[in-house]
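# Chain and residue survey
Chain by chain, the residues:
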Amino acid sequence: MDYACRIDGDLLICTLTPDRHLTGAVFCFSGMAPLAPVAGGKLQCSLGSYTEVALPDMPANRPHIVRLRYAGGYTPANRAWMPLGPYLRHDNDVIRLPATPAGRRAAKPLAPACFDGLPLVPQPTQWTPTGAKTDAIDGFVVTGDALTAVASLATRQKVPFDGTFPVELITQDLPTDAYRLTIDKDGITIGAASYGGQFYAGITLLSLLQHGPLPCGEILDQPRFGWRGQHLDTARHYYEPGTIKALLDLMALLKLNRFHWHFADDEAFRVALDVLPELAQKTALRGEGQVLPALFAGGPHEGGMYSRQAVRAIIDHAASLNIEILPEIETPAHALALTTLYPETRDPDDTGTETSVQGYQRNALNPAMPKTWDLLETIINDICDLFPFGYVHLGCDELPTDTWMGSPRARALMAEHGLETTQDLQGWTIAKLAEFATRKGKRPAAWEEAAQGSNGGIGRDALLFSWTGQGAGLDAARAGYDVVMTPAQHVYLDMAHTDDLDDWGASWAGFVDLPDTIAWDPVPDPGLSDRIMGVQGAFWSEFTTQDSQIWPMLMPRMLGIAMMAWQIQRPELDTLYALSNCYQVDHRGRVTMGFDA
């Protein structure tokens with residue numbers, strides 16, 4: 001079976017040439033958003049972006065063309081918008097079709113740029129050189145837990161760190177994650193008040209060691225923000241635990257300290273729960289014969305789940321790297337997997353036709369149904385016990401317009417509590433969940449929409465993540481919320497780098513290239529500095545079909561996020577370009593820290 005696809009304006013032109021006569025074949029695939037045929041076949045069924053097109057009889061060796069168009073006015077931006085995981089279903093058999101070459105292709109080398117500073121991302125707060133150099137070229141004497149963790153990281157990266165040059169650790173009264181690093185010809189002194197400070201001093205030494213003899217002088221360094229994060233969506237694509245650990249290693253090299261683990265969404269719930277074993281068992285796999293079809297899959301089947309043992313191993317790995325893991329439970333929307341598996345979470349008399357931006361119907365849990373609360377409190381209870389970090393993220397984004405308005409039970413609940421709109425009921429729901437999380441000893445976190453509702457939404461004690469742009473985050477900060485800035489126009493790394501049709505990625509927030517990651521100020525209003533807690537990058541996985549595809553998407557753009565999260569002064573673009581040549585990442589996530597000034 002030969003198959004090819006190309007973009008023609010707002011159409012996808014798919015050409016199928018069977019090697020035998022086919023009758024009753026069905027063309028199955030997923031996409032970036034809902035798709036439908038305009039010629040060459042008849043829509044048989046769809047669920048969100050997953051689409052099945054019934055084909056007419058196709059004689060052997062004769063090309064058949066199917067023309068597809070995205071719903072909602074979307075125009076394909078690049079190769080990532082072509083059918084994902086295409087296959088034919090024929091006579092109860094599956095015929096795999098050749099996939100579009102996936103992933104971002106190697107970028108052109110960045111233009112050389114002059115840079116006189118230290119080859120470090122992020123740049124240190126203060127560097128006072130003496131002009132001399134040490135003879136420390138073979139590595140350092142490793143002492144203490146933090147430097148031992150750095151040495152282990154160096155081994156995984158296959159770069160030197162252990163050696164003979166003496167290092168002394170002393171306790172100094174410095175802020176969390178801050179350090180004073182004194183380098184002279186006779187040895188090195190690291191002053192810090194925390195594990196994080198010692199660890200980041202070691203990361204600085206590890207980076208400097210890759211560029212020849214160490215320069216003598218003193219580095220006084222501390223982060224601008226306490227929250228320096230990177231998000232990963234493992235619901236749309238299952239990443240192997242080793243890939244997640246490689247991402248954590250990369251984060252540590254860039255002094256990022258918060259991993260936002262998005263393991264639950266419409267398409268799957270990936271973490272195995274003791275109390276609800278069927279949840280991950282039945283939603284972790286998608287495709288032929290599964291609860292959900294091959295949504296965002298690379299073929300007829302997709303998936304996997306994280307055992308509790310695997311989760312604990314990832315948590316321990318992160319802790320050694322001074323990284324905390326924020327677990328996210330998506331609610332009340334983005335819950336198609338839950339509503340499908342537990343239909344009692346929906347009002348059977350609901351006449352609403354609300355549809356999510358991803359094209360799903362009936363994907364929101366109904367707060368008027370007792371099963372909803374039994375389910376959510378059980379999930380939150382188990383997740384809070386499994387993850388030691390003092391926060392839990394409750395989701396609360398992209399609730400479809402007019403959700404629950406056709407539900408008699410929801411309308412009765414609204415009348416009981418004086419609520420009038422969908423946003424009012426969402427605010428009431430998320431506030432109730434936040435109270436439960438607080439009783440579990442966790443600080444609730446959520447996306448920016450959690451502040452909506454006439455009753456004040458989730459409550460001012462929550463941490464909000466601003467994603468649609470800076471404006472919503474600044475408004476939340478002015479309203480008294482603590483905020484992590486994650487504006488899609490600057491830090492959503494699933495966005496394509498450019499508008500080239502041969503590029504790869506989403507485009508709804510625009511195209512995000514390396515310069516865009518630093519073309520903003522996380523705190524444009526100094527009066528809000530006490531409310532802006534940090535900066536976080538995000539990577540959503542709708543078009544990721546193999547783990548290796550994420551590295552050329554994340555890098556080098558993560559460098560800009562790391563700089564904006566750590567440095568008080570915005571980096572110069574020439575500096576960022578120069579240092580991007582210092583951190584090259586291979587297909588396994590391993591960093592080569594070469595630099596040519």
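Residues numbered from 1 in each chain as written. Predicted model: local features only at pLDDT ≥ 70, side-chain atom pairs only at ≥ 80, totals over all residues. Heavy atoms only, no water.

All right, on to the overall build of the protein then. When you go through the protein residue by residue, the secondary structure sums to 14 helices and 28 strands. Relative to a compact globule of 597 residues, whose C-alpha radius of gyration would be 25 Å, the protein shows 25 Å and is just as compact. Taken across its 597 residues, the protein has 59% of its residues classed as buried. A separation of at least 24 residues holds for 72% of the contacts in the protein among residues at least 6 apart in sequence. For the protein, the accessible surface area stands at approximately 22,100 Å², while carbon and sulfur atoms represent 49% of it. If you average the places of the 45 positive and of the 71 negative side-chain charges in the protein, the two averages end up 3 Å apart. (Helix = DSSP H or I, 4+ residues; strand = E, 2+ residues; numbered from the N terminus. Rg over C-alpha atoms; globule rule 2.2 N^0.38 Å. Buried < 20%, exposed > 50% of the residue type's maximum accessible area, 1.4 Å probe, protein only. Contact = heavy atoms within 4.5 Å. Areas by Shrake-Rupley, 256 points an atom, 1.4 Å probe, with all protein chains shown as cover. Lys, Arg positive; Asp, Glu negative; His and termini not counted. Charge placed at Lys NZ, Arg CZ, Asp CG, Glu CD.)

We now examine the pairing of strand β22 (residues 391-395). Buried residues dominate β22, accounting for 5 of its 5 residues. One ladder, built from 2 bridges, connects strand β21 (residues 324-331) with β22; its direction is parallel. The residue bridging Glu328 from the neighbouring strand is His393, located in β22. Bridging between β22 and strand β23 (residues 443-447) involves 3 bridges; their strand directions are parallel. In the sheet register, Val392 faces β23, and the bridge partner there is Pro444. (Pairing = 2+ DSSP bridges.)

Turning our attention to the packing of helix α1 (residues 144-157) against helix α3 (residues 241-253). Taken N-terminus to C-terminus, the directions of α1 and α3 make an angle of 120 degrees; their axes are 11 Å apart at the nearest point. As summarised for this structure, α1 and α3 are arranged oblique, according to the angle between their axes. The chirality of how α1 crosses α3 is left-handed. Residues Leu153, Arg156 and Gln157 of α1 form the contact with α3, whose participating residues are Asp249, Ala252 and Leu253. Residue composition of the contact of α1 with α3, grouped by class: 3 nonpolar, 1 polar and 2 charged. (Axes fitted to C-alpha atoms, helices over the stretch in contact; angles between N-to-C directions. Parallel < 35°, antiparallel > 145°, perpendicular 65-115°, else oblique. Left-handed = near helix turned anticlockwise from the far one by under 90°. Nonpolar A, V, L, I, M, F, W, Y, C, P; charged D, E, K, R; others polar.)

Parts of the prediction with low pLDDT should not have their coordinates interpreted in detail. Taken over all residues, the pLDDT of the protein has a mean of 95, while the share at 70 or more is 98%. When the elements of the protein are averaged for pLDDT, strand β28 (residues 591-592) gives the smallest value, 82, and strand β16 (residues 258-262) the largest, 99. (pLDDT = per-residue confidence, 0-100.)

So, on to the pattern of salt bridges. Scanning the model with the defined rule gives 29 salt bridges in all. One salt bridge connects Asp10 with Arg69, and the closest N-O pair in it is separated by 3.1 Å. With Asp10 in the loop between β1 (2-8) and β2 (11-17) and Arg69 in strand β7 (residues 64-70), the pair connects residues that are 59 residues apart, well separated along the chain. Residue class for Asp10 comes out partly exposed when judged on its relative accessible area of 32%. For Arg69, a relative accessible area of 36% translates into the label partly exposed. (Salt bridge = Lys/Arg side-chain N within 4 Å of Asp/Glu carboxyl O.)

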